[in-house]
Each structure stands twice: as C-alpha cells, then as structure tokens.
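Chains, contacts and geometry: an overview
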Amino acid sequence: MAYYNIILALTITPHTCKLPVKPENISEYEWKTTHIPRQESVAGTEKFSGCLIYINLGTNETESCDVFDYDKTWFQTTVPSDNNWVCENEINVANILAYSRIAELIGSFFFGWFGDLYGRKLTFIISIFMLVIGRFISILTSSSLTFFTIGCIVAWFPSWSAPQSTAIISLEISSSKRRASVAKLKLVATSLGMFLMPFFYWWLRNWQFFLIITTALQLPFLIFSWKLIESPQWLWIKGRSRQTLKTLKYISKINKTDLHSDTESEILTKSPSKANKTEVLGLLALLSSWRIVVTTMLQLLLWFAISLNYGVAVLSSGEKSEGNPFLDFAWQSLAEIPGFFVAAWLANSIGRRYTGIVSFSLTTTIWILYGLREISNTGWVRSEALDMFLVITNRASITVSYYLINLLNMELYPTCLRQSGMSLGNLVSSGASAIAPYVLYLGRKVDVRCPSVILTATTLLGGIIPIFFLPETLNKKLPETLEDAKNF
C-alpha cells in the first residue's frame, strides 16, 4: 500500500473553470453552457472544456482560467486538486511519477549491489525506513512541487528492495518445488494490498489522511525488523560459516527438528569458491560469460515489456471518470490474485517458457482489440460491459507475465549475484514504468489509440520473441556459483 498509495493520491479529478454565482432561476446545465465552451475530446466525444472560460458572454472568445471547481463525487481532495495541477500544469503529475520511477531505477541498481554485499536483512531495514520518511516528507510539504517531488524520490528510491529482500530470503531457504509458491505468495500479497488500498481512500476521502494511514502501516515491520533472519545461503557464500550455522540452528529450532551433525561439520570445514567473491565485480560479474549476458539481455527485454504494460494498466485503473474509481481500482487489483494462482499452476504444469508465450500472446491480442474498439462506432463494441471484460482479462494476463518474470529472475541468477541480477531487472522495470505516465498522456492529449499501438508493438517485440530463447527452469536446481550459471 505504501508503494502504490501515491498513484491514487495523484489522481486528476474532473474539473471546470470556477463560475460566477448562479442565479436561482437558471439550471446548472444552462449556466455552465453560458460560461464554458464545449470541445471535442481525443476520444471523439463532445464535452465541456476543463480549462477554458468565455471572456465575454455572447462571444466565442475564451481564456485559460486559474481557479477551478473539482468534482468531489468520489475524491474530496487529491494532490492535483489541492495544487491546481491541471490543464497546462497536468504535466506535473506525469513528471512526478517519472522522476519517482527514475529514482527507483537508480535505487534498484544501488540496493542490488548493496544487498549482495551487505546482506538482505540490512537492505530491508534501510528500504522500509526510507519509504516511510519519503512519504511523510511529501505529506508535510505538498504545497511545494519541489519538496513534494523530493519526498516521492526518497520513498521510491528503495521501493523495490524492501519486498525483494524478503522474497530472496524466502526463496533461498525453500526447496525447488516451493519456489513457484514463494513468488506467488509475494505477488498475491502485493495485489491484496492494492485491492484494500482504495477502500481506505474511499473512507477517508482526504489524500493526506490516506497517505498517513497507509504509510504508517509500515512502522511495525520497521520496529520488528530485528526478528528477520539473514539468508543462510548468502551467509555461507560470503564465508560466514559460524553465522550460517547459527541461523540454520535457529530455523531448526522453530521447525522443531535438529540440524544433522554431518551438515554442521560440512558447513564449518568447507568454504565457497573464490569465484563467488563478487565484492569487486558486482554487476560486472553478469558479463563474465556469453550465456549469462544473453540470459540477462533477454530478461531485461521481458522486464521492459511487462513493466510498461503493467504501469499503464495500474495508472489507468485510477482514472475512470464514470462510475466508482475506487471500486474500479479494487476489482482490477483483485483480478491479479487468481491470475497469480493460474500463473503458478501453468508454470509448474507446462513450464515457464510456454506460460510466458500464452500470456504475452493474450495481452497482445487484447491491445489490438482495444485499438480496433477505439475506431468503431458499434454500440456493443463500445459498451461498458465489454470494456470491463477486456480490462479485467488484460490485467489478469499481464499478471501472469509479471509473475513469470519475477520467478525467472529469482531462478536464473546464482546466489552470489541474485540480488544484483534482480535489481538490474528492476532497474529496467523502473525505466519502463517511468514511460507509462507519458503513454497515458499521449492518449489523453494526442490520440486515444496511442497507448494501444505502443503497447501492442512493445508486447510483441519485447515479450513474445525473447521468451522463446530463455532456458526452462522448471524443477531445475538453482545455480549457486558463477560456474553453475555459465553452464545452466
């Protein structure tokens, strides 16, 4: 919730120029028609202008207005409505989201290196702390575009590394048969948080109260972070045999079992290969063999395609102007949960690669249908029921792809580079997500079909084609060393 709450807080609500006080003998519609010009939207429909007002009654001369009336049917306040970030200032919203994603990109690069060097646990603690501090900076300085943006940047800088660190620990203490379940549980928890989040806003109505509540929920995780174990696999790779042994004994105690004496002896007497010492190489170790380079590049293409799709889907789910935007956001988020279960079942049944081919093909088809729908005037084609069906199906399909890249990313990199490799993927993901607000902006300001065309091409070239060439990881032992990864 603390990761995605800013998206709802930045929702641009319907607005018009503020009108003079209306006489009692004139209807609301007539009064608005007298003062506000009508214009054609990019979707081809006629509506009242949200940015212009007639200068003199009885003439067609208009001017931009500085004071606005906002539709408060659903959102009592949002950041744009409080600061008038609409019309020519609407670009502020896209810029804030883009700057935040760029910060996330840099943070992914930094914390990937940091997590492999200093551990998953410390990375988690720092990430949660920065997330909380950043959000409260934005809340307290919302009247300043500069300071509000700085707060968003601080919060999003470590945003990937908080859930990623705990997911990697879970993965590294799980058997090969449970890896798909670990990835599924992490993503289901994310979707459940996104489902619950809009109900907080619907209840509180005020964006500041909404951000305070959803961000404060992180504090217990920060306070009790000392209870989190460090990955024993990472400890052993770093040559910390006694800490490895201590952690495994703690796990054994919790599981009401005993650590075998032979295991204890092996841990104390054997040491990991020097090839796993990545303190110097860092991300450069991803260039240590042609096979690792190719695998990495294919994954980065997938990350870009999936993240652009997902970013557009999530951002657009909070922009619905007809109906309840909170329920719309919630139902789309809820659609992800069965999507993850289907993804886990498919990944364990037909393999990772074929699952990706199915999901990417379905997503590409839906974006094509969206494009064709925008140029059709047929009633049932443009019906709200069909729109909701396409939206929910597309969200579920993208969810399957999103699950898949998270799972592949955790499985294809060796232990010594797992957090660095995943963070490189997150880096590209953040870059793609930074483009998403501008894709939607083109759809609002240039041509409503722009998002469909861009996303169809992206999904075809960045999704369907790369997935054919990645290795299958179903029921395979994870690579632990660089040598394992070169031969995987």
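Residues numbered from 1 in each chain as written. Predicted model: local features only at pLDDT ≥ 70, side-chain atom pairs only at ≥ 80, totals over all residues. Heavy atoms only, no water.

By the naming in an unreviewed UniProt entry, the protein is Major facilitator superfamily (MFS) profile domain-containing protein, taken from Arctia plantaginis. Per its UniProt entry, the protein bears the Subcellular location (unreviewed entry) comment "Membrane". (UniProt positions renumbered as here; feature names shortened; annotations may be inferred.)

Overview of the pattern of salt bridges
Inspection of the entire model under this criterion finds eight salt bridges. Of the charged contacts in the structure, one is a salt bridge between Glu264 and Lys249, with a shortest N-O distance of 3.4 Å. Here Lys249 lies in helix α12 (residues 241-254) and Glu264 lies in helix α13 (residues 261-269), a separation of 15 residues in the sequence. A cluster of three or more residues bridged by salt bridges with shared partners is formed by Asp116, Arg120 and Glu172. (Salt bridge = Lys/Arg side-chain N within 4 Å of Asp/Glu carboxyl O. Helix = DSSP H or I, 4+ residues; strand = E, 2+ residues; numbered from the N terminus.)

Digging into the packing of helix α5 (residues 120-140) against helix α6 (residues 145-156)
Where α5 meets α6, the closest approach of the two axes is 7 Å, and the angle between their N-to-C directions is 165°. What the angle tells us is that α5 and α6 run roughly antiparallel. Both α5 and α6 take part in a crossing whose hand is left-handed. For the pair formed by α5 and α6, the contact residues are Met130, Leu131, Gly134, Arg135, Ile137 and Ser138 on the first element and Phe147, Phe148, Gly151, Cys152, Val154, Ala155 and Trp156 on the second. (Axes fitted to C-alpha atoms, helices over the stretch in contact; angles between N-to-C directions. Parallel < 35°, antiparallel > 145°, perpendicular 65-115°, else oblique. Left-handed = near helix turned anticlockwise from the far one by under 90°. Contact = heavy atoms within 4.5 Å.)

Considering the packing of helix α15 (residues 325-349) against helix α17 (residues 384-412)
Two elements in contact, α15 and α17, have axes whose closest approach is 7 Å; the angle formed by their N-to-C orientations is 45°. Taken together, the axes of α15 and α17 are oblique relative to one another. Where α15 crosses over α17, the two elements pack in a sense that is right-handed. Between α15 and α17, the residues in contact are Asp328, Trp331, Gln332, Ser333, Ala335, Glu336, Gly339, Phe340, Ala343, Ala344 and Ala347 and Met388, Val391, Ile392, Arg395, Ala396, Thr399, Val400, Tyr403 and Leu407, respectively. Of the residues in the contact of α15 with α17, the class split is 13 nonpolar, four polar and three charged. (Nonpolar A, V, L, I, M, F, W, Y, C, P; charged D, E, K, R; others polar.)

Regarding a negative patch on the surface
Judged by side-chain charge, Glu61, Glu63, Asp66 and Glu88 come together as a negatively charged surface patch. Along the chain, Glu63 turns up in strand β5 (residues 62-64). (Patch = residues over 30% accessible without salt bridge, like charges linked within 9 Å, V, L, I, M, F, W, Y side chains within 5 Å. Areas by Shrake-Rupley, 256 points an atom, 1.4 Å probe, with all protein chains shown as cover. Lys, Arg positive; Asp, Glu negative; His and termini not counted. Charge placed at Lys NZ, Arg CZ, Asp CG, Glu CD.)

Notes on the packing of aromatic side chains
By convention here, two paired aromatic rings are described through the distance between centres and the angle between planes. Within the structure shown, the criterion is met by 26 aromatic pairs. Centroid distance Trp74 to Trp202: 6.2 Å. Interplanar angle 70°. Geometry classified as edge-to-face. One end of the pair, Trp74, is in the loop between β6 (68-70) and α3 (79-83); the other, Trp202, is in helix α8 (residues 179-204), with 128 residues separating them in the sequence. Since its relative accessible area comes to 28%, Trp74 is described here as partly exposed. Note on Tyr201 and Phe326: the rings are 5.6 Å apart at their centroids and 45° apart in plane angle, and the pair reads as tilted. Residue Tyr201 is found in helix α8, and its partner Phe326 is found in helix α15; the two are separated by 125 residues along the sequence. Owing to a relative accessible area of 0%, Tyr201 belongs among the buried residues under this scheme. (Phe/Tyr/Trp six-rings, centres within 6.5 Å; stacked < 30°, edge-to-face > 60°. Buried < 20%, exposed > 50% of the residue type's maximum accessible area, 1.4 Å probe, protein only.)

Some points on the environment of Val188
On the secondary structure map, Val188 appears in helix α8. By relative accessible area, which is 15% here, Val188 ends up buried. Sequence-wise, Val188 and Phe488 are 300 residues apart; in three dimensions their C-alpha atoms are separated by 29 Å. What Val188 contacts, discounting residues up to four positions off in sequence, is Ile337, Phe340 and Phe341.

Looking at unusual backbone geometry
Positive phi values are uncommon outside glycine, yet Cys87 reaches one of about 60°. Under the relative-accessibility criterion, Cys87 is labelled buried at 9%. Positive phi outside glycine occurs at Arg205, with the angle close to 70°. By the element assignment, Arg205 lies in the loop between α8 and α9 (207-216). Given the relative accessible area of 23%, Arg205 is considered partly exposed.

Details of the side chain of Asn309
Within the secondary structure layout, Asn309 lies in helix α14 (residues 290-317). Residue classification places Asn309 among the buried residues on the basis of a relative accessible area of 1%. Contact partners of Asn309, with chain neighbours within four places excluded, come to Thr363, Trp367, Ile398, Leu455 and Thr459.

Here we look at the nonpolar core
In terms of nonpolar packing, the biggest core is built from 90 residues, with Tyr4, Ile6, Leu10, Phe148 and Tyr403 touching the most fellow members. The residues touching Leu10, leaving out its near neighbours within four places in the chain, are Val79, Pro80, Trp85, Val93, Ile96, Leu97 and Phe148. (Core = buried A, V, L, I, M, F, W, Y, C linked by side-chain atoms within 4.5 Å.)

Topic: a nonpolar patch on the surface
There is a patch of nonpolar side chains on the surface, built from Leu460, Leu461, Ile465, Phe468 and Phe469 and spanning about 520 Å² of accessible area. Along the chain, the position of Ile465 falls in helix α19 (residues 450-467).

A few points about the state of the cysteines
Using the criterion set out here, one finds two disulfides in the structure. With a sulfur-sulfur separation of 1.8 Å, Cys17 is cross-linked through a disulfide to Cys65. On the sign convention where negative means left-handed, the S-S torsion of about -75° between Cys17 and Cys65 marks this disulfide as left-handed. Here Cys65 lies in the loop between β5 and β6 and Cys17 lies in strand β1 (residues 15-17), a separation of 48 residues in the sequence. Neither Cys17 nor Cys65 differs from the other in exposure class; each is buried. The disulfide that involves Cys51 links it to Cys87, with 2.0 Å between the sulfurs. Between Cys51 and Cys87, the S-S dihedral sits near -100°, and the bridge is therefore left-handed. Placement of the pair is Cys51 in the loop between β3 (46-48) and β4 (52-54) and Cys87 in the loop between α3 and α4 (91-118), with a sequence separation of 36 residues. Within the protein, bonded cysteines paired by disulfides and numbered along the sequence follow the pattern 1-3, 2-4. Cys450 takes part in no disulfide bond, and the closest cysteine sulfur to it belongs to Cys51, at a distance of 19 Å. (Disulfide = S-S within 2.5 Å.)

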